Amino acid sequence: MIRPASEIEYPASEAQRHRASMLQRMEALKNASNALMAVIAERIGAEMAENEFKVVELTAEQERLIDNMRRLARS
């Protein structure tokens with residue numbers, strides 16, 4: 001959303017900085033969630049094809065993404 005010049009504060013208030021930070025974390029969590037869902041879907045496909053190497057690789061990537069999401073949620 002573009003704000004009118006009359007609503008823009010210089011410098012930004014503390015509340016605006018917190019809101020911007022929260023929105024940035026929410027966007028990062030959304031992106032991480034989308035990446036996790038893609039990896040899970042790919043892993044399920046590898047399981048169905050019985051590709052053990054790919055399953056192990058994707059499970060490790062899934063764990064990495066979950067750890068990343070936990071860090072994002074804590075910050």
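Residues numbered from 1 in each chain as written. Predicted model: local features only at pLDDT ≥ 70, side-chain atom pairs only at ≥ 80, totals over all residues. Heavy atoms only, no water.

Turning to the overall build of the chain, a few remarks are in order. Across its full length, the chain holds two helices and zero strands. Within the span of the chain, comprising 75 residues, buried residues form 15% of the whole. Taking all contacts inside the chain whose residues are at least 6 apart in sequence as the whole, residues at least 24 apart take part in 48%. Carbon and sulfur atoms form 59% of the exposed surface of the chain, whose accessible area is close to 6,000 Å². (Helix = DSSP H or I, 4+ residues; strand = E, 2+ residues; numbered from the N terminus. Buried < 20%, exposed > 50% of the residue type's maximum accessible area, 1.4 Å probe, protein only. Contact = heavy atoms within 4.5 Å. Areas by Shrake-Rupley, 256 points an atom, 1.4 Å probe, with all protein chains shown as cover.)

Residue E50 is not a glycine yet carries a positive backbone phi of 55°. Summarising the element assignment, E50 is placed in the loop between helix 1 (14–48) and helix 2 (52–74). E50 sits in the exposed class, given a relative accessible area of 72%.

Helix length check: helix 1, at 35 residues, gives a terminal C-alpha distance of 51 Å against a target of 51 Å (1.5 Å per residue), a fit within 8%. All of the buried residues in helix 1 are A32, L36, V39, R43 and A46. Next to the buried residues of helix 1 lie helix 2. Among the residues trailing helix 1, E50 stands out with phi positive, at a value near 55°. (Expected span 1.5 Å × (residues − 1).)

Its location among the elements puts S21 in helix 1. Classification of S21 by relative accessible area gives partly exposed; the value is 30%. Spatially, the C-alpha atom of S21 lies 9.9 Å from that of S75, the residues being 54 residues apart in sequence.

Moving on: the pattern of salt bridges. Scanning all chains against the criterion turns up five salt bridges. R64 serves as the salt-bridge partner of E61, at 2.8 Å between the closest nitrogen and oxygen. Of this pair, E61 and R64 both sit in helix 2, three residues apart, roughly one helical turn. As a salt-bridge pair, D67 and R70 come within 3.5 Å of each other at their nearest N and O atoms. Taken together, the residues span about one helical turn, with D67 and R70 both in helix 2 at a distance of three residues. On the accessibility criterion, R70 (47% relative accessible area) is partly exposed. Linked by salt bridges that have partners in common, E42, K54 and E57 make up one network. (Salt bridge = Lys/Arg side-chain N within 4 Å of Asp/Glu carboxyl O.)

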